[in-house]
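# A closer look at the structure
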Amino acid sequence: MSASLDKGVRVLKEMIDAPIASYFSSCVHCGICAEACLFYTETGDPKYTPIHKLEPMRRIYEQEYTLLGRLAKRVGLSKAVTDAELAEWQELVYNSCTLCARCSAVCPVGNDIVYMVRKMREGMSAAGHSPEGIKGAVTRTINIGSPMGVKLPAVKAQMKHAEADYGIPIPLDQEGVEYLVTLSSMEIINFPEYLGAIAKIMRHVGKTWTLSSEAFEATNAGMQIGNSDLARVIVSRVVAGAEKLKVKTVISPECGHAYTALRWEGANLIGRPFTFKVQHIVEVLEEFRAAGLLKLEGMATDRLTFHDPCQLARRGGVIQPQRNLMKMVAKDFVEMPDAGFMNWCCGGGGGASSIEEGEELRLEAFKRKKRQLEAVKPDRLVTACANCRIVLEEGLEHYKMNLPVVGLTETIAEHIPDA
Amino acid sequence: MDTLQFLTWVRGTGLNIALVIFVLGVLWRLAEIYGLGRKKDLSAPRNMPGASGWATILRRSLPPPGMLPTSPVSYIAGYVFHVGLAVVAFLFAPHIALLTSIVAAAWPGLPSQVVDFVTVVTMAAMIAVLIDRIARPVKRFLSTFGDWFTWTLTFLPLLTGWLAVHHLLLPYTLMLAVHILSVELLLVFLPFTKLFHAFTAFGSRWFNGAMNGHKGVPV
Ligand code: SF4
Ligand code: SF4
């Protein structure tokens, strides 16, 4: 057994807890989880059945934690997990899983399959079987500070642009303010309008906020690849930045997995509860709305629909706020079939969008989103995740659909009266 | 061993052995699984009505939105045979009499014609899920020896019981003994096969519901 395989198997063994043991023991091979997974529904290939993506981990569970499995292993009746097998599973655990959790929402015996995929990735990355694209993103985050190689000067340049465009100063490293705004590199590079929108909204509602020079990047490729040690290093930067500036709340950007990393995994990664609150920007906007602080003007008259980022809605519990906000600015707001809790993934979540060799499959899976969109024929598609946005734009372009994709925050900001 | 001795054995020693293996097996497996524990979630919880382990135990008994049409046989035949099994096992007067001698409690049964009808419907539903397992690529792909084996283990008590009641195929006494033996096999294997979901499905739903409930997601 090679050293890396040995390590991978050991990590997988460590990952198995009572929920996972219960899930593996409960599976009745009904295949219903496949019907929930866009990689199966759009390809028809049974190997994309969610529970099958965990087969190596299941065998380790059986061989290490069950009486009969241990006996079978002792007498040589069970097959050990091999390096070749894990290599084969890389595609199933990364390229064809966006951690969207639709499978976990439907399994009749109650298996939380995505919980297991997240854990399985820990073993896969320890065994060296993780995609180059995510590996690169992790290395850049650890060494440079962001998955796309963005450094502070790039952020400062965007701050300058936003200041010039909106005439509003962008605060940096201000202590004692209410909100610490974090970004995803995707926003810094591709969607700089987000920063200007935040400035406009914060001034409108009269809240204090700041960016941090050490904690501007909210995404966490360490979590996506399944390396908790690196994920801890990355999330610790945000924690350190927030605690140094003594902010009340850290705002997770329009990014789904950054929200999961900060809001749900963060405290568990660093091993203690946070001393500050974490909110997705959509939750913050909803609080402003509910408090009557958003006095918007004008309504969009074209037909708008909303794509729920999986990590925000199904995995994050934020489902109604985005709808309340959409209704403030859209006269003609339509919901796609399955919108909200059961929304379909864009196909590129959970790190999948940075896997080059997964592109073909991703575009295949996008057919689901295409059908959802065709059912309501919107003029614009609104979402609240920069990664979804890029993946949606790529998919739309591939299928020659002419549909602009916009962020919710900037859509709200557009309706803020000029001060 | 003649038929009568066989019947006496399955009713006595055989049943005792099966019950002991069943009870110890269930306890062992439950300890083996739930003894592993889990880490405390340190993130700040979000409360949402309906987002809890108990709510999911109930909610997952119904198909989630949009799922019924994707797997109609699994859902419909699945309900029918689960409910049917429970009715036949626990509401048939002779079964109640036997169970009363074990658990010291009694409850009213259903008329035997009704149980007979339910048995036939349950067997039909089980055949439907078997055909579905063979016909649908995903199910066939997932199927292992365990799936065919446990289907057989579950089907045999229904079939042999029904044949015994109708005095078909084998002399009544022998068929009755075979019937009891088939139930004993079911009991012996239940803790160690996927049939154990009869216990763990509740734990799994609870974990899923509680862990997502922590995030304010009613799954
Ligand atoms: S839906 Fe659940 S029980 Fe059915 S095959 Fe998938 S994991 Fe197993
Ligand atoms: S989390 Fe989503 S993509 Fe991954 S296996 Fe489940 S349904 Fe498929």
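Below or above, wherever it landed, is the structure these notes cover. All of these numbers come straight from a predicted model, not from anything done at the bench. (Residues numbered from 1 in each chain as written. Chains lettered and ligands numbered in written order. Predicted model: local features only at pLDDT ≥ 70, side-chain atom pairs only at ≥ 80, totals over all residues. Heavy atoms only, no water.)

## Some thoughts on the sheet that holds strand β6 (residues 330-334) of chain A
All names here are of chain A. Spelled out, the test is: Two strands form a pair only when DSSP identifies at least two bridges running between them. Put simply, DSSP H or I for four residues or longer makes a helix, DSSP E for two residues or longer makes a strand, and each gets a number counted from the N terminus. Between N-to-C directions, angles span 0 to 180 degrees; the directions come from axes that are lines fitted to C-alpha atoms, helices contributing only their stretch in contact. In what follows, residue pairs with any heavy atoms lying within 4.5 Å of each other are defined as contacts.
Overall, parallel pairing links the four strands, which are arranged β6-β5-β7-β8 in an open sheet. Edge positions in the sheet fall to β6 and β8 (405-407), since each of these pairs with one other strand and no more. Strand-to-strand, the axes of this sheet are offset by a mean angle of 40 degrees, without reference to chain direction. Bridge analysis of strand β5 (residues 300-307) against strand β7 (residues 380-383) gives four bridges, and the strand direction is parallel. Note on β7: the bridge partner recorded for Thr305 is Leu381. The sheet contacts of helix α19 (residues 359-376) involve β5, β6 and β7, and relative to β5 the element is tilted by about 150 degrees.

## Topic: the sheet that holds strand β3 (residues 249-252) of chain A
With parallel pairing, four strands are arranged side by side in an open sheet as β2-β1-β3-β4 (chain A). Looking at the sheet topology across the chains shown, the edges are occupied by β2 (209-210) and β4 (277-280) of chain A.

## Some thoughts on the pairing of β5 of chain A
Pairing between β5 of chain A and β6 of chain A: four bridges, direction parallel. Along β6 of chain A, the bridge assignment pairs Arg303 of chain A with Asp332 of chain A.

## Remarks on the site of ligand 1
In plain terms, the rule: Nearness here has a simple test: a residue counts as near a molecule or strand if at least one of its heavy atoms is within 4 Å of that partner. Think of a 1 Å grid over just the protein atoms. A cavity is a set of points where a 1.4 Å probe fits yet cannot get out, a pocket is an open set with protein on both sides within 12 Å along at least five of seven lines, and lining residues have an atom within 4 Å of a point. Grid points define the cavity or pocket, and a molecule sits in it when more than half of its atoms lie within 2 Å of them. For this classification, Asp, Glu, Lys and Arg are treated as charged, while Ala, Val, Leu, Ile, Met, Phe, Trp, Tyr, Cys and Pro are nonpolar and the rest, including Gly, are polar.
With respect to spatial proximity, 14 residues lie near ligand 1, and among them Cys27, Cys30, Gly31, Cys33 and Cys107 of chain A are the closest. Around ligand 1, the nearby residues trace back to chains A and B. Under a 2 Å grid-point criterion requiring more than half of the atoms, the pocket assigned to ligand 1 is the second largest cavity. Split by residue class, the shell around ligand 1 holds 11 nonpolar, three polar and no charged.

## Re the packing of aromatic side chains
Residues and elements named next belong to chain A. Under the convention used in this document: Aromatic rings from Phe, Tyr and Trp, taking only the six-membered ring of Trp, are treated as a pair when their centres fall within 6.5 Å; an angle between ring planes under 30 degrees marks them as stacked, one over 60 as edge-to-face, and anything in between as tilted. Exposure is judged per residue with a 1.4 Å probe applied to protein chains only, and the accessible area is read against the type maximum: over 50% gives exposed, under 20% gives buried, and values in between give partly exposed. Here, over-ring charges are defined by two tests on the NZ atom of lysine or the CZ atom of arginine: distance to the ring centre within 6 Å, and angle to the ring normal within 35 degrees.
The tally for this structure, following the rule as stated, stands at 13 aromatic pairs over all chains. On the basis of an interplanar angle of 10 degrees and a centroid distance of 6.1 Å, the ring pair of Phe366 and Tyr399 is categorised as stacked. Of this pair, Phe366 sits in helix α19 while Tyr399 sits in the loop between α20 (386-398) and β8, and the two are 33 residues apart along the sequence. On the accessibility criterion, Phe366 (1% relative accessible area) is buried. Members of the aromatic cluster, connected to one another through ring pairs, are Phe24, Tyr61 and Tyr65. For Arg102, the ring lying beneath its charged end belongs to Trp344, and the centroid distance is 3.5 Å.

## Here's the deal with a nonpolar patch on the surface
Let me state the cut-off plainly: Like-charged residues within 9 Å of one another, or nonpolar side chains (Val, Leu, Ile, Met, Phe, Trp, Tyr) within 5 Å, are grouped into patches, provided each residue has over 30% relative accessible area and no salt bridge. For the accessible areas, the method is Shrake-Rupley and the probe is 1.4 Å, while residue cover comes only from the protein chains on display. By convention in these notes, a salt bridge is any Lys or Arg side-chain nitrogen within 4 Å of a carboxyl oxygen on Asp or Glu.
Among the surface-exposed residues, Leu67, Leu68 and Leu71 of chain A together with Met1, Trp9, Ile17, Ile21, Trp28 and Phe192 of chain B lie close enough to one another that they form a single nonpolar patch of about 860 Å² accessible area. Residue assignment for the nonpolar patch shows that the elements contributing at least two residues are α6 (67-74) of chain A together with α1 (3-34) of chain B. Among the elements that make up the nonpolar patch, the one with the highest residue count is α1 of chain B (four residues). Examined against the element boundaries, Phe192 of chain B turns out to sit in the loop between α8 (172-189) and α9 (197-213).

## A closer look at the state of the cysteines
Residue and element names in this part refer to chain A. The condition is simple: Two cysteine sulfur atoms form a disulfide, by the criterion used here, when they sit within 2.5 Å.
Enumeration according to the criterion identifies zero disulfides over all chains in this entry. In this structure Cys310 is a free cysteine whose sulfur lies 3.9 Å from that of Cys345, the closest cysteine sulfur available. The exposure class assigned to Cys310 is buried, which follows from its relative accessible area of 9%. Among the cysteines around Cys388, which has no disulfide bond, Cys385 carries the closest sulfur, lying 3.6 Å off. Taking relative accessible area as the criterion, Cys388 reaches 6% and is therefore assigned buried.

## Things to note about the interface of chain A and chain B
Put simply, the rule reads: Accessible area, probed at 1.4 Å, shrinks when two parts are joined; the buried area is that loss added up over both. N or O atoms closer than or at 3.5 Å make up a polar contact, with two conditions inside protein: a donor-capable atom paired with an acceptor-capable one, and, for residues adjacent in sequence, both atoms drawn from side chains.
On the side of chain B, 52 residues touch chain A, which itself brings 57 residues to the contact. Regarding the contact of chain A and chain B, the summed buried area is about 4,200 Å², with carbon and sulfur atoms giving 60% of it. Three residues, His29, Glu35 and Trp264 of chain A, lead the burial of chain A against chain B; their summed loss comes to 14% of the area buried on that side. On inspection of chain A and its partner chain B, the count reaches two salt bridges. Measuring nitrogen to oxygen at the nearest pair gives 2.9 Å for the salt bridge that ties Glu283 of chain A to Arg46 of chain B. Our count for the chain A to chain B interface comes out at 28 residue pairs in polar contact (both at pLDDT 80 or more). Of all the elements, helix α2 (residues 18-26) of chain A adds the most residues to the side of chain A that touches chain B, at seven residues. Looking at the side of chain A that touches chain B residue by residue, the classes come out as 32 nonpolar, 15 polar and 10 charged.

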